[in-house]
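Notes for the structure review
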Amino acid sequence: MRRTEAARELGGFVREHRTDGGRRLRTAGALVATGIVGLAFGVPVTVASIGTTDGAPELAGLLLGVGLIGLGLGVWRLTQALRTRDQCFDVHERGLTHRVAGHATLIPWTDIERIGSATADDGRPLAEARGMGLRFTLCLRDGRTITVDTFTEDARELAGTIHRAVDLGELPRGRGHRP
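A quick note: this is a predicted structure, and the numbers were derived from the prediction, not measured.

**Section: the environment of D86**
For D86, the position within the fold is in the loop between α3 (56-83) and β2 (88-92). Given a relative accessible area of 58%, D86 falls into the exposed group. For the pair formed by D86 and R99, sequence separation is 13 residues and the distance between their alpha carbons is 7.4 Å. When neighbours within four sequence positions are excluded, D86 is seen to be in contact with R99, V100 and A101.

**So, α3**
Over its 28 residues, α3 extends 40 Å from the first C-alpha to the last, a length consistent with the 40 Å expected when each residue adds 1.5 Å. Taken together, the buried positions of α3 are occupied by A60, G67, G70, G74, R77, Q80 and A81. Check the buried side of α3 and you find it contacts α2 (21-48) and β7 (145-149).

**Things to note about the pattern of salt bridges**
Within the structure shown, the criterion is met by seven salt bridges. Linking R77 and D149 is a salt bridge whose minimum nitrogen-to-oxygen distance equals 4.0 Å. Linking R77 in helix α3 with D149 in strand β7, this pair joins segments that are 72 residues apart in sequence. For R77, a relative accessible area of 2% puts it in the buried group. Between D142 and R144 there is a salt bridge, and its shortest N-O distance comes to 2.8 Å. Overall, the relative accessible area of 53% leaves D142 in the exposed class. Residue R144 is classed as partly exposed on the basis of its relative accessible area, which comes to 41%.

**Here we look at the nonpolar core**
With 18 residues, the main nonpolar core has L96, W109, I112, F136, L138, L158 and I162 as its most contacted residues. When residues of this core are traced back to their parent elements, those giving at least two are β2, β6 (135-140), β7 and α4 (155-167). Top contributing element to this core by residue count: α4, with five residues.

**Quick notes on the pairing of strand β3 (residues 95-100)**
Within β3, five of the six residues are buried, which leaves it mostly tucked inside the rest of the structure. In this sheet, β3 lies alongside β2 in antiparallel orientation, the contact comprising five bridges. For C88, the partnering residue across the bridge sits in β3 and is R99. Two successive antiparallel strands, β2 and β3, enclose a turn made up of two residues. With six bridges connecting them, β3 and strand β4 (residues 103-108) associate as antiparallel partners.

Procedures and definitions
- Residues numbered from 1 in each chain as written.
- Predicted model: local features only at pLDDT ≥ 70, side-chain atom pairs only at ≥ 80, totals over all residues.
- Heavy atoms only, no water.
- Helix = DSSP H or I, 4+ residues; strand = E, 2+ residues; numbered from the N terminus.
- Buried < 20%, exposed > 50% of the residue type's maximum accessible area, 1.4 Å probe, protein only.
- Contact = heavy atoms within 4.5 Å.
- Expected span 1.5 Å × (residues − 1).
- Salt bridge = Lys/Arg side-chain N within 4 Å of Asp/Glu carboxyl O.
- Core = buried A, V, L, I, M, F, W, Y, C linked by side-chain atoms within 4.5 Å.
- Pairing = 2+ DSSP bridges.

Interpretation note: all reported values are geometric properties and have no functional meaning in isolation.
Have a look at this one:
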């Protein structure tokens, strides 16, 4: 669906919030690489440490743990990146257009039940770079949920706009808005 068609149904266009799929893929690649390196060193150290009790078993466990966790998180991010490629949220006066991989879904403000599971920066080192900073879920009246995370540009502004429109009734004003 083209933006002009959505604009007719949802009112004037306000702004666009793109999700940085490239950054999500780079994060997945770094995590997978970390996992592979951890396993590449962890497996030989584990084999070499069989039958010893000096520091080798702890090192082997650490390397294997880093490898498995890195690989698991990397595969999860890669799956997420492929599932949400070209994701974008277009804000209109009377709702959102959620675009993913060439498919657009119109979401009027009245179809959003609430913003659930909102988390702010989690305070861990590099949380924002890993995509673990701001995260919130849009709970739709039909039971579907849409997750928005820190990979989406101006995610805080998007959350604020949705909150004002859904909870406070303050609709955003589009370009060329006439009172």
